[in-house]
Amino acid sequence: MATLSSSLLSSSPLYKSRFSPPPTLVSRIDFISFSPRTTLSSSTISVVSPAFLSITVKQNHRRNSLQVKSVASPTETVSEFDEMVSGTRRKYYMLGGKGGVGKTSCAASLAVRFANNGHPTLVVSTDPAHSLSDSFAQDLTGGMLVPVEGPEAPLFALEINPEKAREEFRSASQMNGGTGVKDFMDGMGLGMLVEQLGELKLGELLDTPPPGLDEAIAISKVIQFLESPEYNMFTRIVFDTAPTGHTLRLLSLPDFLDASIGKILKLRQKITSATSAIKSVFGKEENKPDAADKLERLRERMVKVRELFRDTESTEFVIVTIPTVMAVSESSRLSASLKKESVPVKRLIVNQILPPSSSDCKFCSIKRKDQMRALDMIREDSELSGLTLMEAPLVDMEIRGVPALRFLGDIIWK
Ligand SMILES: Nc1ncnc2c1ncn2[C@@H]1O[C@H](COP(=O)(O)OP(=O)(O)OP(=O)(O)O)[C@@H](O)[C@H]1O
C-alpha cells in the first residue's frame, strides 16, 4: 500500500510543463495497492489531466503502468459521491447525452456503486435499443424487475419497452377516436364537441409519435411501477436515458400531454353533464369509464413525471460527454435546455479520455492533444464550466459485466 504525496506529484516534469505555474490545489491522491511491495522512488509520473496521472512503476525489471485518479482542483475533481450516496431518502439520477458516449456504462456503473454502498437500487432503461442487458452481460429483458447478480446490496434492472407502453396509452385514449361516438353525438347536436376532441389530434399523434413521446410514456410507466409496494425498498433509481434530442423533447412533453389529456377529460365532463342520453354512452358501456379512468391516471402520472424532473431535492440529471468538439457543443446545448426547463444538473462526466501513450504512437498523441483542447473548451464554456467535472479514462477493455462496471464506477464516482 502506498500514498503519493502532492510534492511527489508536483515534482513531475510533465506536470510542471503542462501546468505552469503548477497548481497548488492537489491535496490528496487515493491509496494505490501494489503487490508485492514496491518502492515508488523508481516510478515516473505523467499527467493525463489534472484529474488523472499515469504512474509507471519499475518492479523486478518489469514496467507496470497504472492510472490513478487524484483529487485536484476544486471544480474538477471534488469528491462528491459521499453526497450522492448519503441518506436513505429516495433519489433519482438521470444520465443523458449524445449517442454512444457511454451513458449506459456510466448509468450501470453508478447503479453498481450505489448497490455496493448499501442502497437497494433500481436501474431503468427506457431507450428502445436497450443495452442494459449487454452492459451487465445478463438477460434483463421482459419489462419487469429483474435481479442483477453480483453487487452487495439488491440491484434490480427494468427495461421498459416504449412501443408497448405507447400501445397501452393508445388503448386508454380510444374514447377520443370512435366514429360511433361521433355519429351518435352528431345526432344529438353535439358534434362540435367531438370535433373539438378531434382537434387535439391524439390519434394522429400516436400514429406518428414525435421523438421523445415513447420515452415520456415509458417514464410515466416507471412512475406507475414505483407507486406499488414492491418498489418501496429502492432508495436509488438510476435512469439510462434516451439520447439528447429525444430527451429534450421529452422534457416538454409532460406539459403538453397534461394539457391535452386535461382537455379531453374536461370535455368529457361537459358532454356527460349536457345530456343524460349521452351520459349513458359513457356510463353504461363497460369500456368507456375505464378508458376515462385510465386517462385520468395517466394525466396524474405525467404531472408527477414533470414534477420529478424539476425536483432539486430528489433528482439530478447527469450529462455524459466525450472530449470532442462536437460532443462538448451538444452537451453545452443540452445543459442550456435543461436549465431552461428547470431540470437540476450539477455534474458532467467526460468519458473515454485517452491515457498518455508511453510509446511513440503519433495517432495517440494527436488524439490526446485534440481531447485536451476539448477539455479546455469545457472549462471555458459558460454553460459547462460551472458543473462538477468527472473524468473517466478510455480503458483498454470492453466494459461488460458487474466486475468491469465496478472498476469503471470506482474511477468515475468519487
Ligand atoms: N470509458 C470507457 N472505456 C472503454 N470503453 C467504453 C468506455 N465507456 C464506454 N465504453 C464502450 O463504448 C460503447 C458504448 O457505450 P454505451 O453503450 O455505454 O454508450 P451509450 O451512450 O449508452 O450508447 P447509446 O447512446 O447507443 O445507448 C460500449 O461498447 C462500451 O463498453
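The name given to the protein in an unreviewed UniProt entry is ATPase GET3B, with the source organism recorded as Cardamine amara subsp. amara. As stated in UniProt under Sequence similarities (unreviewed entry), the record for the protein gives "Belongs to the arsA ATPase family." We quote the UniProt Catalytic activity (unreviewed entry) comment for the protein here in full: "ATP + H2O = ADP + phosphate + H(+)".

The subject of this paragraph is the pairing of strand β11 (residues 347-353). Burial analysis of β11 places six of its seven residues in the buried class, the great majority of the element. Two elements, strand β10 (residues 315-321) and β11, share three bridges in a ladder whose sense is parallel. Residue Ile 319 lies in a different strand from β11, and its bridge partner there is Leu 348. With five bridges connecting them, β11 and strand β12 (residues 388-393) associate as parallel partners. Along β12, the bridge assignment pairs Ile 349 with Met 390. A crossover links β11 with its parallel partner β12, the connecting element being helix α16 (residues 362-380), and its sense is right-handed.

A separate point is the site of the ligand. By nearness alone, 16 residues border the ligand, and Gly 100, Lys 103, Thr 104, Ser 105 and Asn 351 come closest of all. At a separation of 3.4 Å, an oxygen atom of the ligand approaches a polar backbone atom of Ile 399. Burial of the ligand by the protein amounts to 77% of the accessible area it has alone, namely 640 Å². At the level of elements, α5 (103-116) and β11 are the ones that each hand at least two residues to the shell around the ligand. Ranked by residues supplied to the shell around the ligand, first place goes to α5 with three residues.

Turning our eyes to something else, we now look at the pattern of salt bridges. Within this structure, the stated rule accounts for 12 salt bridges. Between Arg 310 and Glu 341 there is a salt bridge, and its shortest N-O distance comes to 3.3 Å. With Arg 310 in helix α14 (residues 287-310) and Glu 341 in the loop between α15 (325-340) and β11, this pair connects stretches of sequence that are 31 residues apart. Of the residues examined, Arg 310 reaches a relative accessible area of 28% and is grouped as partly exposed. Taking the shortest distance from any N to any O, the salt bridge between Lys 339 and Glu 383 comes out at 3.2 Å.

Think of two packed helices as two axes; the pair is described by the angle between the axes and how far apart they sit. One way to put it is that α15 packs onto α16 with a least axis distance of 9 Å and a crossing angle of 20°. The orientation of α15 relative to α16 falls into the category roughly parallel. Relative to α16, α15 is oriented so that their crossing is right-handed. The segment α15 lies against α16, with Val 325, Val 328 and Ser 329 engaging Ala 374, Met 377 and Ile 378. A breakdown of the residues in the contact of α15 with α16 according to their chemical character gives five nonpolar, one polar and no charged.

What follows concerns α16. Taking 1.5 Å of rise per residue, 19 residues should cover 27 Å, and α16 covers 27 Å from first to last C-alpha, within 8% of that figure. Residues of α16 that are buried: Arg 368, Gln 371, Met 372, Ala 374, Leu 375 and Ile 378. The buried residues of α16 occupy an angular sector of 165° when the element is viewed end-on, so they sit on one face. In α16, those exposed residues whose orientation departs by more than 90 degrees from the buried face are Lys 362, Ile 366, Lys 369, Arg 373 and Glu 380.

Once that is clear, we can look at the packing of aromatic side chains. According to the stated counting rule, one finds four aromatic pairs in the structure shown. Taken together, a centroid distance of 5.4 Å and an interplanar angle of 40° make the contact between Tyr 93 and Phe 114 tilted. Here the residue Tyr 93 occupies a position in strand β5 (residues 91-96), and Phe 114 occupies one in helix α5, the gap between them amounting to 21 residues. For Tyr 93, a relative accessible area of 3% translates into the label buried. Grouped by ring-pair contacts, the aromatic residues Phe 81, Tyr 93 and Phe 114 constitute a single cluster. Cation over ring: Arg 113 sits above Phe 81, and NZ or CZ is 4.2 Å from the ring centre. Taking the ring centre of Phe 114 as reference, the NZ or CZ of Arg 236 above it sits at 5.5 Å.

Another point: the state of the cysteines. In a disulfide, the sulfur atoms of two cysteines are held together by a covalent bond. Applying the stated rule across the entire model yields one disulfide. Between the sulfur atoms of Cys 361 and its disulfide partner Cys 364 the distance amounts to 2.2 Å. Across the S-S bond of Cys 361 and Cys 364 the torsion is about 80°, and the bridge reads as right-handed.

This next bit is on the side chain of Ser 331. Position of Ser 331 among the secondary structure elements: in helix α15. Ignoring anything within four residues of it in the chain, the contact list for Ser 331 reads Ile 319, Val 320, Thr 321 and Leu 384.

Thresholds applied
Residues numbered from 1 in each chain as written. Predicted model: local features only at pLDDT ≥ 70, side-chain atom pairs only at ≥ 80, totals over all residues. Heavy atoms only, no water. UniProt positions renumbered as here; feature names shortened; annotations may be inferred. Buried < 20%, exposed > 50% of the residue type's maximum accessible area, 1.4 Å probe, protein only. Helix = DSSP H or I, 4+ residues; strand = E, 2+ residues; numbered from the N terminus. Pairing = 2+ DSSP bridges. Right-handed = clockwise from strand over helix to strand, strands pointing away. Near = heavy atom within 4 Å. Polar contact = N/O pair within 3.5 Å; in protein donor to acceptor, adjacent residues only side chain to side chain. Areas by Shrake-Rupley, 256 points an atom, 1.4 Å probe, with all protein chains shown as cover. Salt bridge = Lys/Arg side-chain N within 4 Å of Asp/Glu carboxyl O. Axes fitted to C-alpha atoms, helices over the stretch in contact; angles between N-to-C directions. Parallel < 35°, antiparallel > 145°, perpendicular 65-115°, else oblique. Left-handed = near helix turned anticlockwise from the far one by under 90°. Contact = heavy atoms within 4.5 Å. Nonpolar A, V, L, I, M, F, W, Y, C, P; charged D, E, K, R; others polar. Expected span 1.5 Å × (residues − 1). Arc of directions from axis to C-beta. Phe/Tyr/Trp six-rings, centres within 6.5 Å; stacked < 30°, edge-to-face > 60°. Lys NZ or Arg CZ within 6 Å of the ring centre and 35° of its normal. Disulfide = S-S within 2.5 Å.

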